[in-house]
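Summary of structural features
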Amino acid sequence: MLTPDDLEFLRRPLHGFLTVADGPVRPVWFEATDDGTIQLFTPRESPKVRRLKNDPRASIIVAAPVGERERWVSVSGRATVEPDGAHELAARLAERYWDLEDPAHAGELAGIQTLDLVRLVIRPEKVSRYLM
């Protein structure tokens, strides 16, 4: 479903825009895995977790930043809420998105690590892409 080119693009420090059933679009950090899933972390009591328990459909779209050729990848599928691996994922993503030598960012990560986190995993059922 996700091509090697998609994975290369999705492994950049870009924001994804996540949508779950009956919920607003939210910008998120995410990770594209070797097995072709998309994962992110969130607090266990977040509204998106409650929404996914009622309806597991989710989608994420990732677009290239301004100044680059227009490009985007959209992934839709069923999402599961996984109790393990969220803190490790948060640490990997913080390292990817932030300079953790910056004390402010290191402090923010430390705060995130104190939360009761879960991992959301989207298993692609449909992938769309555009490259101009």
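Our subject is the structure listed above.
Note that this is a predicted model, so its numbers are computed, not measured.

Rules behind the numbers
- Residues numbered from 1 in each chain as written.
- Predicted model: local features only at pLDDT ≥ 70, side-chain atom pairs only at ≥ 80, totals over all residues.
- Heavy atoms only, no water.
- Helix = DSSP H or I, 4+ residues; strand = E, 2+ residues; numbered from the N terminus.
- Buried < 20%, exposed > 50% of the residue type's maximum accessible area, 1.4 Å probe, protein only.
- Areas by Shrake-Rupley, 256 points an atom, 1.4 Å probe, with all protein chains shown as cover.
- Lys, Arg positive; Asp, Glu negative; His and termini not counted.
- Charge placed at Lys NZ, Arg CZ, Asp CG, Glu CD.
- Axes fitted to C-alpha atoms, helices over the stretch in contact; angles between N-to-C directions.
- Parallel < 35°, antiparallel > 145°, perpendicular 65-115°, else oblique.
- Left-handed = near helix turned anticlockwise from the far one by under 90°.
- Contact = heavy atoms within 4.5 Å.
- Nonpolar A, V, L, I, M, F, W, Y, C, P; charged D, E, K, R; others polar.
- 1 Å grid on protein atoms, 1.4 Å probe; cavity = no way out; pocket = protein on both sides within 12 Å on 5 of 7 lines; lining within 4 Å.
- Points joined across faces, edges and corners; volume = space filled by probe spheres on them.
- Patch = residues over 30% accessible without salt bridge, like charges linked within 9 Å, V, L, I, M, F, W, Y side chains within 5 Å.
- Salt bridge = Lys/Arg side-chain N within 4 Å of Asp/Glu carboxyl O.
- Pairing = 2+ DSSP bridges.

Here we look at the overall build of the chain
Looking only at helices and strands, the chain features 4 helices and 7 strands. The principal-axis extents of the C-alpha atoms in the chain amount to approximately 40 × 40 × 25 Å. Out of the 132 residues belonging to the chain, those deemed buried represent 41%. For the chain, the accessible surface area stands at approximately 7500 Å², while carbon and sulfur atoms represent 53% of it. The distance from the centre of the 18 positive side-chain charges to the centre of the 21 negative ones in the chain is 7 Å.

Regarding the packing of helix α3 (residues 86-97) against helix α4 (residues 103-113)
At a minimum axis separation of 10 Å, α3 and α4 run at an interaxial angle of 165°. Comparing their axes, α4 and α3 come out roughly antiparallel. Viewed along their axes, α3 and α4 form a crossing whose handedness is right-handed. Contacts between α3 and α4 involve His 87, Ala 90, Ala 91 and Ala 94 from the first element and Leu 109, Ile 112 and Gln 113 from the second. Split into classes, the residues belonging to the contact of α3 with α4 amount to 5 nonpolar, 2 polar and no charged.

Remarks on the environment of Pro 13
Inspection of the secondary structure assignment puts Pro 13 in the loop between α1 (4-10) and β1 (16-20). Taking the C-alpha atoms as reference points, Pro 13 and Tyr 97, 84 residues apart in sequence, are found 5.6 Å from one another. Not counting residues up to four positions away in its chain, the partners in contact with Pro 13 are Arg 96 and Tyr 97.

A word on the layout of surface pockets
Space inside the largest pocket adds up to approximately 240 Å³. Lining the largest pocket are Pro 27, Val 28, Trp 29, Leu 40, Phe 41, Thr 42, Pro 43, Lys 48, Ile 112, Leu 115 and Leu 117. Put simply, the parts of the chain that give the lining of the largest pocket at least two residues each are β2 (26-28) and β4 (38-43). Among the elements that take part in the lining of the largest pocket, β4 stands out by supplying 4 residues, more than any other.

A look at a nonpolar patch on the surface
Among the surface-exposed residues, Phe 17, Val 25 and Ile 61 lie close enough to one another that they form a single nonpolar patch of about 240 Å² accessible area. Secondary-structure assignment places Phe 17 in strand β1. Since its relative accessible area comes to 37%, Phe 17 is described here as partly exposed.

Focus: the pairing of β1
Residues of β1 alternate between two faces, with Gly 16, Leu 18 and Val 20 buried on one and Phe 17 and Thr 19 left unburied on the opposite face. Both β1 and β2 contribute to a ladder of 3 bridges, which runs antiparallel. When the sheet's bridge partners are listed, Phe 17 is paired in β2 with Pro 27. As consecutive antiparallel partners, β1 and β2 are separated by 5 residues, and within that stretch Asp 22 has a phi angle of approximately 60°, a positive value. In terms of strand pairing, β1 meets strand β5 (residues 57-63) through 5 bridges, oriented antiparallel. Looking at the pairing, Val 20 lines up with Ala 58 of β5.

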